[in-house]
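Structure assessment
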Amino acid sequence: MDCSICSSLPVILRPPRNTICGSCYDGAKCLINLINKLQSDKPANKATINVASSCKTLMNASEWIMDLKNREEELEEKIVYLGEFSAAFRHRIHTDIELKSGFAASPSVSAHRALLATRSEIFKNLLESDGCKAAPMEAITLPELSHEEVESLLEFLYRGDLAEEKLEKHVYSLALAADKYDIPYLQRFCERYMLRSMNCDNALDVLEIAEVCSCRALKENALDFIVRNMDEIVFSSGFEAFALKNPHLSVQVTRASLMDAKKNRPNSA
Ligand SMILES: [Zn+2]
């Protein structure tokens, strides 16, 4: 069909050159609906955009996208600005507390009391409680974490982010630490990683972590994944150890798998 939008040579089309194809029509409708949805979802005080509050044509779509682009650049600038504090951690500038791994003979990591207190209610309470003592606490020991895990935890607390290879290595310990030290943003960060990296080799570990941390959505996803890949997972070497360690979870896996089989059985009542 002659389409004045997606045709590579619109000038060769017959005048008045204003017909559009089904794909371009659907695309335009989708774009208008999306803009209107995002506009209506936005809190009133954030609606700084200059275009009309409701978008009826594509006339102002480019303006709207430009506004989003500008805001993205502002946010990136803000992230860089806020991230400069992590240099104080890297270069140990005015650090005033040490964090120690519970593992013997590992060096401590220097940090800032104020940062720990703003990132975690548990650290805040811990640091406040030493106000009544004669000397302030000089170190906090995280008994369950290795030295590398303490470093990764601190790196996340300062930067709000962590390199993929460190996350891959420490995600379970960090998820448990997020739960123990009440750091919800780290918890969500770990959850998102576990969801996108779930496979037959790690689904049982993810299920176990989700149960310990009471992450309902993650637990449902892991159970669903295990049920869908039951043949491979149930005969893996890890399943026996998992079942011995987590009898209540293996009961749930068995029940979920049975329910699934029943649902998918032909002519089921
Ligand atoms: Zn078209």
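Let me begin by describing the structure that accompanies this report. Computed from a predicted model, the values in this text were never measured in an experiment. (Residues numbered from 1 in each chain as written. Predicted model: local features only at pLDDT ≥ 70, side-chain atom pairs only at ≥ 80, totals over all residues. Heavy atoms only, no water.)

Observations regarding the packing of helix H9 (residues 203-212) against helix H10 (residues 216-228)
Where H9 meets H10, the closest approach of the two axes is 8 Å, and the angle between their N-to-C directions is 155°. Judged by the inter-axis angle, H9 sits roughly antiparallel to H10. At the point where H9 passes H10, the crossing takes the left-handed sense. Within the contact between the two elements, H9 uses Ala203, Leu204, Val206, Leu207, Ala210 and Glu211 and H10 uses Leu218, Lys219, Ala222, Leu223, Phe225 and Ile226. (Axes fitted to C-alpha atoms, helices over the stretch in contact; angles between N-to-C directions. Helix = DSSP H or I, 4+ residues; strand = E, 2+ residues; numbered from the N terminus. Parallel < 35°, antiparallel > 145°, perpendicular 65-115°, else oblique. Left-handed = near helix turned anticlockwise from the far one by under 90°. Contact = heavy atoms within 4.5 Å.)

Some thoughts on the packing of aromatic side chains
Enumeration over the complete set of coordinates arrives at six aromatic pairs. Each ring, one from Phe156 and one from Phe189, has its centre 4.8 Å from the other, and the planes form 50°; the classification is tilted. Taken together, the residues Phe156 in helix H6 (residues 147-159) and Phe189 in helix H8 (residues 184-196) connect sequence positions 33 residues apart. Across the pair, exposure class does not vary: Phe156 and Phe189 are buried alike. Each residue in the set Phe85, Phe89 and Tyr158 is aromatic and connected to the rest through ring pairs, giving one cluster. (Phe/Tyr/Trp six-rings, centres within 6.5 Å; stacked < 30°, edge-to-face > 60°. Buried < 20%, exposed > 50% of the residue type's maximum accessible area, 1.4 Å probe, protein only.)

Focus: the coordination of the zinc ion
Surrounding the zinc ion are the protein donor atoms Cys3 (SG), Cys6 (SG), Cys21 (SG) and Cys24 (SG), which sit 2.2 to 2.3 Å from the metal. Each of the four donor atoms bound to the zinc ion contributes to angles spanning 103 to 114°, and the resulting shape is tetrahedral. We note that the donor set of the zinc ion lies within a single chain, spaced as C-x2-C-x14-C-x2-C. Across this residue pair, the class does not change: Cys21 and Cys24 are buried. (Donors = N, O, S within 2.8 Å, 3.2 Å for Na, K, Ca; no water. Tetrahedral: all angles 85-135°; square planar, octahedral: opposite > 155°, others 65-115°.)

Concerning the sheet that holds strand S3 (residues 139-142)
Across a sheet, paired strands are connected by hydrogen bonds in the backbone, their directions being either parallel or antiparallel. Strand order in the open sheet formed by three strands is S2-S1-S3, and the pairing between neighbours is mixed. Each end of this open sheet is capped by a strand with a single partner; those strands are strand S2 (109-111) and S3. Across this sheet, the average inter-strand angle for adjacent strands is 30°, counted without regard to direction. Both strand S1 (residues 97-101) and S2 contribute to a ladder of three bridges, which runs antiparallel. Paired with Leu99 across the two strands is Val109, which belongs to S2. Most of the contacts of helix H5 (residues 121-128) go to S3, to which it runs at about 140°, and overall it touches S1 and S3. (Pairing = 2+ DSSP bridges.)

A few points about the layout of surface pockets
To find the voids left in a structure, one rolls a probe of water-molecule size over its atoms. Reported here for the largest pocket is a volume of approximately 410 Å³. Counting residues per element, the ones that place at least two in the lining of the largest pocket are helix H2 (61-83), helix H3 (85-90), helix H4 (113-119) and H6. A total of six residues in the lining of the largest pocket trace back to one element, the largest contributor, which is H2. Residues that form the lining of the largest pocket fall into these classes: eleven nonpolar, three polar and three charged. (1 Å grid on protein atoms, 1.4 Å probe; cavity = no way out; pocket = protein on both sides within 12 Å on 5 of 7 lines; lining within 4 Å. Points joined across faces, edges and corners; volume = space filled by probe spheres on them. Nonpolar A, V, L, I, M, F, W, Y, C, P; charged D, E, K, R; others polar.)

Concerning the environment of Tyr181
With respect to the element layout, Tyr181 can be found in the loop between helix H7 (164-180) and H8. Taking relative accessible area as the criterion, Tyr181 reaches 5% and is therefore assigned buried. Separated by 57 residues in sequence, Tyr181 and Lys124 have C-alpha atoms that sit 9.8 Å apart. Sequence-distant contacts of Tyr181, that is, excluding residues within four places in its chain, are made with Ser120, Glu121, Ile122, Phe123, Leu142, Pro143 and Glu144. In this structure the side chain of Tyr181 is engaged in a polar contact, spanning 3.5 Å, whose partner is the side chain of Lys180. (Polar contact = N/O pair within 3.5 Å; in protein donor to acceptor, adjacent residues only side chain to side chain.)

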